[in-house]
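Now for the letters of each chain:
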Amino acid sequence: MLNDVPEIAYVVGATQGREAPEIYVDGPNAERTEIRRLLSVGAWSLYGPYLLDLFARRAIVSLALHQGISPDEFSALLDLLGEPEGLSALDEGERIIRSLAEKGVHHISIVIDSDRLPGDTHLPWQVRLALARLTRDFRAIPILHRATGDERRNLHVQIVRDILRPLASNLPILRHLLDCAPLVDARLASFGELTDRPILEIFLDGLPQTAILGIGQILLEEERGAKGEQDSERLLATLRALAERLLGVATTPEGDALLREMCLRSVVDFERLPVSLREWLLAESWLGALATRIATPPPNAPSESRLFEKTVGLAITEHEFGPAFIALSRLRAADPAAIERALDLAAVEKMIDELPRDVVARDLVVLMLEIGRESAAGHVASFVAVKRGRARQNAIFVLSELRRHGPEAALWEISRARADEEGLLLLIGIATQRLGPEAAPVVGGLLNHPSARVRRDALSAFAIADPTRSAAAIARALRDPENAVSGHALLLSAETGAAMGEAISLAMEILERADLEGDAPRVALRMIERAIALGLSSPERVEKVFAQIIDRTAWTRRLFRRPQPSAEFLAASTRSLARLATPGARRLLEILRKHREPTVAQAAMEALGALKSKPPE
């Protein structure tokens, strides 16, 4: 029974807006839930009133079944509840509790109405019930258990945890319970049941850390607005006990933040804080001094390098980049190996995600990342690969500004092969700022990438990184099925002279197809000019191609609905014809001189004028 939850408790309580009491269930859900919500309408109508009446006739306000209950224990409970009543409700409740104790039943907890603390009527019913169960269960320990020392202490904490579990998210109720701890101490003392620790400490041991943190914030707010010395001292006593609870568990960022505030409010001594938190507080103090002057480190700092490291992180978090740069510079002088820790992935991400718009602050960010060397630049390059939107744009800006380490970091990120198409293009662009032979294998691996844009940019980078092997790569790219890649290969061939034979052949094919839209024809035209200048082309074939392009009738274009060559393209063609300087080229220029577009006609006239001094071939 109860395999999945520590206990199931049935609790009689009030519901806002209802006069009749309700029965709640603790255990199956994280919070206390009305039983009517867990049952169908028919089941509740049948069993709800009976259960309420059963509890009322025995003055029971809470019945809890603990994990580990045996079938015999459960049967004993049912037998006792099923017996006819012969006493008053309170006496019946006491009889059942006493009978269960005599039978050695350890896994059932019953609280009756007389267990309520006197004078607690002003408290919420959840608080009254929790206090009543606490006193009843604590009193039952000597009867049901022969525990002493640590065993008894553990039982105390377990009882408190069982009581507080359904209230863990109800911070106001928990806050009330802490205030009532002295009442419970007095009540237990009156029964002769003494604990070796105050109930307040046991309460705090039984609370989850999330509740501790929430209550701590509430108490700090109350203490800030406390009226009178007595009220303030009462709150401080609770806060000190809560601080002891936090100091006894593993640190968390939220717990450290609360302890920090408690230290600043003199609730807990500085020397009692964890070492890491003391370092943060010292760094916070020094950062405040650095914001106004060049300060010397505090004399009680554990070590200068740790102080500088913490200050860098804190300053980055608070966007104080001037002090951050000073602290990082001091850290570089004191312990260069610590720079990588100070500018770790989280710190660099903070700088990139919230990159300042101020030019001076941006320059400081770049300088700090340059101090961080390859590690910091590598973090920025990884953001180019994996981030999107503004964060990626910020990373691109910073990586481009990292002149010493940016290109190498971009190249390293490319080799990791995790960037998307856009990220690869951006990284290639940055890596191209400074490429050597060592980069050739990395960018060369992208020459077969599925994206034509990546293949195009990788070809440019490869030609820069390894010019001696670029001819083969350009020749292969000239045969690429995508115009963006083959056209770019044409341009590279025209600029470098690599793979000229293949490039000239492709250029002629492009112009012969008479598909004159886009950039490829213009690049092909530049290639033809270069081929003419080097004497690598057939004049007859060139004349034929240009004759087809500038044919005034253009009946084939109209027949096949092909676009007319643009005036810009025709004007550029006159330069190629002038360079060709053959009789056929002169005739074609005469045709273009009469073109209806003034820019074309003017370009043809200038080309003819340049040819007048040359004898016909």
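As the structure is a computational prediction, the values presented were derived from the model and not from experiment.

**Focus on unusual backbone geometry**
Here the phi dihedral of Ala59 falls at roughly 55 degrees; this positive angle occurs in a residue that is not glycine. Of note, Ala59 is situated in the loop between α2 (41–56) and β4 (60–66).

**Structural notes on the nonpolar core**
The nonpolar side chains of a soluble globular protein tend to be buried with one another. Judged by nonpolar contacts, the single largest core of 113 residues is most densely connected at Leu328, Leu343, Met368, Leu369, Leu399, Leu427 and Leu490. Not counting chain neighbours up to four residues away, the residues in contact with Leu328 comprise Val312, Ile339, Ala342, Leu343, Met368 and Ile371. Grouped together as the second largest cluster of nonpolar side chains are 50 residues, Leu164, Val184, Ile199 and Leu220 included.

**A few points about helix α31 (residues 567–580)**
Between the first and last C-alpha of α31 there are 20 Å, a value that for 14 residues agrees with the 20 Å anticipated at 1.5 Å per step. Extensive coverage of α31 is indicated by the burial of 10 of its 14 residues. Those residues of α31 that sit buried are Phe569, Leu570, Ala571, Ala572, Ser573, Thr574, Ser576, Leu577, Ala578 and Leu580.

**Structural notes on the side chain of Ser109**
Locating Ser109 in the fold gives a position in strand β5 (residues 108–112). Leaving out residues up to four positions away in the same chain, Ser109 has contacts with Ser62, Leu63, Ala64, His66, Arg133 and Asp137.

**A closer look at the packing of helix α17 (residues 345–353) against helix α19 (residues 373–386)**
α19 packs onto α17 with a crossing angle of 60 degrees between their chain directions and a minimal axis gap of 10 Å. As summarised for this structure, α17 and α19 are arranged oblique, according to the angle between their axes. For the element pair α17 and α19, the recorded crossing hand is right-handed. Note on element contacts: α19 touches α17 through Ala376, His379, Val380, Ser382 and Phe383, opposite Leu345, Val348, Glu349 and Ile352. Tallied by class, residues from the contact of α17 with α19 come to 6 nonpolar, 2 polar and 1 charged.

**Some remarks on the environment of Ala471**
Within the secondary structure layout, Ala471 lies in helix α25 (residues 470–478). Residue class for Ala471 comes out partly exposed when judged on its relative accessible area of 32%. When the C-alpha atoms of Ala471 and Thr496 are compared, they prove to be 9.0 Å apart, with 25 residues separating the residues in sequence. Setting aside residues no more than four positions away along its own chain, Ala471 makes contact with Ala498 and Ala499.

**Comments concerning the sheet that holds strand β1 (residues 7–13)**
In spatial order, the strands read β3-β2-β1-β4-β5; together these 5 strands make up an open sheet with antiparallel pairing. In this open sheet, the two strands that pair with only one neighbour each are β3 (33–34) and β5. Here strand β2 (residues 22–26) pairs with β3 via 2 bridges, running antiparallel. Note on β3: the bridge partner recorded for Val25 is Thr33.

**Details of the pairing of β2**
With 5 of 5 residues buried, β2 is to be regarded as a mostly interior element. Pairing geometry for β1 and β2, over 5 bridges, is antiparallel. Bridge assignment links Tyr10 to a residue of β2, and that residue is Val25.

Calculation criteria
Residues numbered from 1 in each chain as written. Predicted model: local features only at pLDDT ≥ 70, side-chain atom pairs only at ≥ 80, totals over all residues. Heavy atoms only, no water. Helix = DSSP H or I, 4+ residues; strand = E, 2+ residues; numbered from the N terminus. Core = buried A, V, L, I, M, F, W, Y, C linked by side-chain atoms within 4.5 Å. Buried < 20%, exposed > 50% of the residue type's maximum accessible area, 1.4 Å probe, protein only. Contact = heavy atoms within 4.5 Å. Expected span 1.5 Å × (residues − 1). Axes fitted to C-alpha atoms, helices over the stretch in contact; angles between N-to-C directions. Parallel < 35°, antiparallel > 145°, perpendicular 65-115°, else oblique. Left-handed = near helix turned anticlockwise from the far one by under 90°. Nonpolar A, V, L, I, M, F, W, Y, C, P; charged D, E, K, R; others polar. Pairing = 2+ DSSP bridges.

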